[in-house]
Amino acid sequence: MLPKRIKQVGAHLLAIFAGLVTVIPVYLIIVNSLKSKADASSMSAALPAVLHLENFTTVITVGKLVQGFGNSIFYATFSTIIGTLCAAMAAFVLSRNRTRFNRFLYFFIILGIALPTNYFTLTKVMQITDLINTRIGMVILYAAGQIPFGVFLIYGFLDTIPRELDEAAIIDGCGPFQLFFQVIVPLLTPVLVTEAILSFLGAWNNFIMPLYYLNNSANWPMTLSVYNFFGQWQQYWNLVSADILMTILPAIMVYLAAQRYILSGMTIGAVKG
Amino acid sequence: MKLRSNYPFYFTLGALVLYLVFMILPGVSGIAYSFTNWSSFSSKINFVGLENFKTIFSASGNYLLFVKNTFIFTLVTIVAKTVLGLALALLLTEGVKRMAYFYRTVIYLPVVLPMLTIALIFRSILNPATGLLNTVLRGVGLGVLAQKWLVNPHIALYSVIGVDTWAGVGYIMVILIAGLQSVPREYYEAAEVDGAGFWAKLFWVTLPLMMPAIIIVTVLNLLYALRVFDVVYALTNGGPGYATDVIYTAIFQDFSQGLWGLGTAFSSLLFVFMGVLGYFVIRFMDRG
């Protein structure tokens, strides 16, 4: 069966090619982050002659990366906790108690997946609520942005948890909080983990919200810091590469550790419909 | 049964308040502000009727160009990501059996990276003189294909589309792989018995049965592309000239220049358009 073998080899070659095209930009960042300024100026694929590890220490101090990292972690962590908790509690009640009004509310909330943000009037809301230019403001914006998709994802998963469990728990004397946190949440774990990871990555990678709503550089997350660093240090591709690498590394690590949840979340969310 | 009291309405309040205050309220009040001259130049806000919309739809303004660019971006990314995503999905299900999961993990990687950093990396890769793309093209004797990717106003938009497709195709691929795996094997076996080749199976078995997944992928691409910002802003910031300006980069310029009434009118048009679109998508999905 020669033709079949050739097809197999051809398919692997194509897949390897696609994989290479995908990782080359990340590879470029890694090798150039270790070069001197002159060697990195063309961002070539060549390996560094000497390892310039000091690029990282330079970037960490000059680019204020510790501050940016702390801010990004703060925004991503707390918006994920608030957004996921609110979405799960809402999805639970809307899914279990399907009155006409609750059905409407569910559709009204998931309509938010399509709605664009009006940054002008949102500024006004941020001013009135005193949240503009604050860390808490960022957390709340990210949490709010996560609600529609989160409710959609968790609502779909709740159908797989039998209602008989609720009834048994209620007969045993559980109140709504006990029922939700002790019976439902443990069973929701897979979808909650998926939702939390997507939400965390979404907040970590977000650029537009801080661009609009954070003037004070002390509050900037990694993305906005990198962008401004690039604006000042464009000639130093070695430093820009090091800065970019420090920004994408946490995202890559979360991805590699949790890819099962991420890939399943994509397909639950999309294919269920 | 007192079941209902175990699903109290106040459980929904957290989500509802966040959603209403930070998404719905700005969207709806924006419609009202669309009819004003709200700006950074004056603290007074006056009703100006349809003035802002006249500016947007007038031939002298650039707004129609931004809308056109956004539509080109949307249309081409939908087609490119779906076709490439489907090709990759077929490759990693039908073509490659061993290590398919590894390839999938690699090709999905850009989806989890900040779009901003991807755009910055591609600014160096697409550099006409020293960038990797032109270097490789010259190296393999295809120097004639080397372009001023982000500088030439005729191709800059397509370069941005290319970068966006590179970054997003893994997402589409993963969804389409799930769609492919839901097609029952017996259909292919039956088609093979009838003598169907690769293309016949693709057009008469795979595509019709994957329509739900393809529709979902199209909707996701559409919702993303109409709101695209990061990749354009960091790659070209709308330039050269206005060649790559899309709706959201134009809105950011209005914001920076203090043209809040005009910008909010433009935002509101998109809000209403996408609200109606979203309504029909939800109706459609709910039935299907």
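1. Examining the overall build of chain A
Turning to step 1, where the next piece is worked out: Looking only at helices and strands, chain A features 12 helices and 0 strands.
Turning to step 2, where the next piece is worked out: Written out in order from the N terminus, the α and β elements of chain A read α-α-α-α-α-α-α-α-α-α-α-α.
Turning to step 3, where the next piece is worked out: Over its C-alpha trace chain A gives a radius of gyration of 23 Å, far above what one expects of a compact globule, namely 19 Å for 273 residues.
Turning to step 4, where the next piece is worked out: Seen through its C-alpha atoms, chain A measures out along the principal axes to roughly 70 × 70 × 35 Å.
Turning to step 5, where the next piece is worked out: Counting contacts in chain A only where the partners sit at least 6 residues apart, residues at least 24 apart contribute 76% of the total.

2. Digging into the overall build of chain B
Turning to step 1, where the next piece is worked out: The number of helices and strands found in chain B is 13 helices and 0 strands.
Turning to step 2, where the next piece is worked out: If you list the helices and strands of chain B from N to C, you get α-α-α-α-α-α-α-α-α-α-α-α-α.
Turning to step 3, where the next piece is worked out: If you line up chain B on its principal axes, its C-alpha atoms span 75 × 75 × 30 Å.
Turning to step 4, where the next piece is worked out: Looking at chain B residue by residue over its 288 residues, the buried ones come to 44%.
Turning to step 5, where the next piece is worked out: Long-range pairs, those at least 24 residues apart, make up 69% of the contacts in chain B with a sequence separation of at least 6.

3. With respect to the interface of chain B and chain A
Turning to step 1, where the next piece is worked out: On the side of chain A, 74 residues touch chain B, which itself brings 79 residues to the contact.
Turning to step 2, where the next piece is worked out: Element by element, the count of residues in the side of chain B that touches chain A is highest for helix α13 (residues 260-287) of chain B, at 15 residues.
Turning to step 3, where the next piece is worked out: Tallied by class, residues from the side of chain B that touches chain A come to 57 nonpolar, 19 polar and 3 charged.

4. With respect to the nonpolar core
Turning to step 1, where the next piece is worked out: Counting 166 residues, the largest nonpolar core has A:Ala90, A:Val151, A:Ile154, B:Ala15 and B:Ala119 as its most contacted members.
Turning to step 2, where the next piece is worked out: When sequence neighbours within four positions are dropped, the list of residues in contact with A:Val151 reads A:Ala87, A:Ala90, A:Ala91, A:Ile109, A:Ile110 and B:Ala15.

5. Remarks on the domain arrangement of chain A
All names here are of chain A.
Turning to step 1, where the next piece is worked out: Looking at the assigned domains, one finds that chain A contains domain 1 (2-54) and domain 2 (56-272).
Turning to step 2, where the next piece is worked out: Here domain 1 and domain 2 have C-alpha centroids that lie 32 Å from each other.
Turning to step 3, where the next piece is worked out: Counting residues at the interface gives 13 residues for domain 1, matched by 10 residues for domain 2.
Turning to step 4, where the next piece is worked out: Taken together, the elements giving at least two residues each to the side of domain 1 that touches domain 2 come down to α1 (2-32) and α2 (37-40).
Turning to step 5, where the next piece is worked out: Here the side of domain 1 that touches domain 2 takes 3 residues from α1, the largest share from any one element.

6. Points about helix α10 (residues 211-226) of chain B
Turning to step 1, where the next piece is worked out: When the terminal C-alpha atoms of α10(B) are compared, their 22 Å separation across 16 residues agrees well with the 22 Å that a helix rising 1.5 Å per residue should span.
Turning to step 2, where the next piece is worked out: Along α10(B), the residues that are buried comprise B:Ala213, B:Ile216, B:Val217, B:Val219, B:Leu220, B:Asn221, B:Ala225 and B:Leu226.

7. Describing the environment of A:Leu245
All names here are of chain A.
Turning to step 1, where the next piece is worked out: The residue leucine 245 is located in helix α12 (residues 237-272) in this model.
Turning to step 2, where the next piece is worked out: C-alpha separation for the pair leucine 245 and tyrosine 27, spaced 218 residues apart in sequence, amounts to 10.0 Å.
Turning to step 3, where the next piece is worked out: When near neighbours in sequence (up to four residues on either side) are disregarded, leucine 245 contacts Ile29, Ile30 and Ser33.

8. Remarks on unusual backbone geometry
Residues and elements named next belong to chain B.
Turning to step 1, where the next piece is worked out: Glycine 239 connects to proline 240 through a cis peptide bond whose omega is -5°.
Turning to step 2, where the next piece is worked out: Along the chain, proline 240 turns up in the loop between α11 (230-235) and α12 (247-256).
Turning to step 3, where the next piece is worked out: Phi at asparagine 237 takes a positive value of approximately 50°, unusual for a residue other than glycine.
Turning to step 4, where the next piece is worked out: Considering the arrangement of structural elements, one finds asparagine 237 in the loop between α11 and α12.
Turning to step 5, where the next piece is worked out: With 13 C-beta atoms packed within 10 Å, asparagine 237 lands in the partly exposed category.

9. Some words on the confidence of the model for chain B
In regions of low pLDDT, the predicted coordinates are not meant to be interpreted in detail.
Residue and element names in this part refer to chain B.
Turning to step 1, where the next piece is worked out: Confidence in the prediction of chain B, expressed as mean pLDDT, is 89, and 98% of residues score 70 or more.
Turning to step 2, where the next piece is worked out: Per-element confidence in chain B is highest for helix α1 (residues 13-33), whose mean pLDDT is 94, and lowest for helix α8 (residues 185-193), whose mean pLDDT is 85.
Turning to step 3, where the next piece is worked out: Per the prediction output, this complex has pTM 0.90; the corresponding ipTM is 0.88.

10. Re the confidence of the model for chain A
Turning to step 1, where the next piece is worked out: Per-residue pLDDT for chain A has a mean of 88; in total, 96% of the residues score no lower than 70.
Turning to step 2, where the next piece is worked out: No element of chain A has a lower mean pLDDT than α2(A), which averages 78, and none a higher one than helix α4 (residues 65-96) of chain A, which averages 94.

11. Details of the environment of B:Ile31
Turning to step 1, where the next piece is worked out: Tracing the backbone shows B:Ile31 in helix α1.
Turning to step 2, where the next piece is worked out: Remark: the alpha-carbon pair of B:Ile31 and B:Leu207, spanning 176 residues in sequence, is separated by 41 Å.

12. Some details on the packing of helix α5 (residues 100-110) of chain A against helix α7 (residues 135-158) of chain A
All names here are of chain A.
Turning to step 1, where the next piece is worked out: Their axes nearest at 8 Å, the elements α5 and α7 cross at an angle of 130°. Classified by the interaxial angle, the pair formed by α5 and α7 is oblique. For the pair α5 and α7, contact is made by Tyr106, Ile109 and Ile110 and by Ile147, Pro148, Val151, Phe152 and Tyr155, respectively.

Parameters at a glance
Residues numbered from 1 in each chain as written. Chains lettered and ligands numbered in written order. Predicted model: local features only at pLDDT ≥ 70, side-chain atom pairs only at ≥ 80, totals over all residues. Helix = DSSP H or I, 4+ residues; strand = E, 2+ residues; numbered from the N terminus. Rg over C-alpha atoms; globule rule 2.2 N^0.38 Å. Contact = placed C-beta atoms within 7 Å. Buried ≥ 20, exposed ≤ 12 C-beta atoms within 10 Å, placed from the backbone. Nonpolar A, V, L, I, M, F, W, Y, C, P; charged D, E, K, R; others polar. Core = buried A, V, L, I, M, F, W, Y, C linked by C-beta atoms within 7 Å. Domains from an automatic or database assignment. Expected span 1.5 Å × (residues − 1). pLDDT = per-residue confidence, 0-100. Axes fitted to C-alpha atoms, helices over the stretch in contact; angles between N-to-C directions. Parallel < 35°, antiparallel > 145°, perpendicular 65-115°, else oblique.

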